[in-house]
Amino acid sequence: MNSQPLPYRRILLKLSGEALLGQEDYGIDPAVLARIAREIKDVLALGVQVGVVIGGGNIFRGAGLAQGGMDRVTGDQMGMLATVINSLALQDALERLGIYARVMSALQINEICEDYIRRRAVRHLEKGRVAVFAAGTGNPFFTTDTAAALRAIEIGADVLVKATKVDGVYSADPVTNPDAKRYDLLSFDKVITDKLNVMDTTAIVMCRDNDLPIRIFNLTEEGALMRLMRGADVGTLVAAD
Ligand code: GTP
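Figured I'd write up the structure that's included with this text. (Residues numbered from 1 in each chain as written. Predicted model: local features only at pLDDT ≥ 70, side-chain atom pairs only at ≥ 80, totals over all residues. Heavy atoms only, no water.)

This next bit is on the overall build of the protein. The secondary structure content of the protein amounts to 8 helices and 11 strands. At 17 Å, the protein has a C-alpha radius of gyration in line with the 18 Å of a compact globule built from 241 residues. When the backbone C-alpha atoms are referred to their principal axes, the protein occupies close to 45 × 45 × 35 Å. Relative to its 241 residues, the protein shows a buried fraction of 49%. Look at the contacts in the protein between residues 6 or more apart in sequence, and 70% of them connect residues 24 or more apart. Taking the 27 positively charged and 30 negatively charged side chains of the protein as two groups, their mean positions are separated by 6 Å. (Helix = DSSP H or I, 4+ residues; strand = E, 2+ residues; numbered from the N terminus. Rg over C-alpha atoms; globule rule 2.2 N^0.38 Å. Buried < 20%, exposed > 50% of the residue type's maximum accessible area, 1.4 Å probe, protein only. Contact = heavy atoms within 4.5 Å. Lys, Arg positive; Asp, Glu negative; His and termini not counted. Charge placed at Lys NZ, Arg CZ, Asp CG, Glu CD.)

Close to the ligand lie R102, N110, E111, I112, C113, E114, R120, R123, H124, K127 and R129, which account for all nearby residues. A distance of 3.2 Å separates a nitrogen atom of the ligand from a polar backbone atom of C113. When isolated, the ligand has an accessible area of 620 Å², and the protein chains bury 52% of it. No other element matches helix α4 (residues 118-126), which puts 3 residues into the shell around the ligand. Among the residues forming the shell around the ligand, the class breakdown is 2 nonpolar, 2 polar and 7 charged. (Near = heavy atom within 4 Å. Polar contact = N/O pair within 3.5 Å; in protein donor to acceptor, adjacent residues only side chain to side chain. Areas by Shrake-Rupley, 256 points an atom, 1.4 Å probe, with all protein chains shown as cover. Nonpolar A, V, L, I, M, F, W, Y, C, P; charged D, E, K, R; others polar.)

One open sheet holds the 9 strands; their spatial order is β4-β3-β5-β2-β1-β6-β10-β11-β9, and the pairing between them is mixed. A strand with exactly one partner marks an edge of an open sheet, and here the two such strands are β4 (114-115) and β9 (185-187). Contacts from helix α5 (residues 144-154) reach β1 (10-15), β2 (49-54), β5 (130-134) and β6 (159-164), with the element oriented near 170° to β1. (Pairing = 2+ DSSP bridges. Axes fitted to C-alpha atoms, helices over the stretch in contact; angles between N-to-C directions.)

Time to look at the packing of aromatic side chains. Per the counting criterion, the structure on display carries 1 aromatic pair. Between Y116 and F133, the ring centres sit 5.5 Å apart and the planes meet at 85°, which makes this aromatic pair edge-to-face. Of the two residues, Y116 sits in the loop between β4 and α4 while F133 sits in strand β5, which places them 17 residues apart along the sequence. You'll find Y116 and F133 in the same group, each marked buried. For R151, the ring lying beneath its charged end belongs to Y116, and the centroid distance is 3.6 Å. (Phe/Tyr/Trp six-rings, centres within 6.5 Å; stacked < 30°, edge-to-face > 60°. Lys NZ or Arg CZ within 6 Å of the ring centre and 35° of its normal.)

Written out as structure tokens, the structure reads:
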């Protein structure tokens, strides 16, 4: 047993839509979704409150649709709806494990989920429910990384935990560059000036200005999230100088 106090009381977990693809080319791999739900269940069992933002890139990506000629606003709206689909899938996977979860949407779709109301979100978290924040910020031209930063700040999360496919932030792409160096700790300003691929600049600036640390970790590494929650130095920490 680890008797150390937990470093985080409330977290915002940011998952990319692509993380749900697993072995699929499009949509959601149920096995991956179930594994993510199990990991969230383990974290809740520690007593940590969990909010989640999921992207929609496994279904639609607004910027990509715009490159294909579609109106950007329409593309982004389709992307926002894609995040609602992913959020409903996660809610279902959590509930199948006996975890209470509530999808809260930035766009009003009352027939299928709750509206995002900050005070209700905090109540859900305090009751041990997972709040899954859907539809991004509800606005085009904002990424789901920015939505994650916004929601994390609004709910008073202690950390924004961003799940990726690599175990942190590197000086170059570690897949194509064997000399790429992994950072343990980075300042917000270095992320911005060196254009390190952590999150988009809007999200980084929001985190910096509101003193919200970011942890980048590898979601495909089983148990990494739990180790992070128990206080291990997992992945890369982006924090104030
Ligand atoms: P507490 O009052 O904290 O216990 O929250 P609660 O969410 O259990 O209570 P509430 O009576 O607000 O909601 C009961 C159920 O209705 C929950 O499953 C909610 O997610 C769901 N619900 C609440 N508002 C909406 C909505 O606008 N749309 C949809 N589809 N479901 C909603």
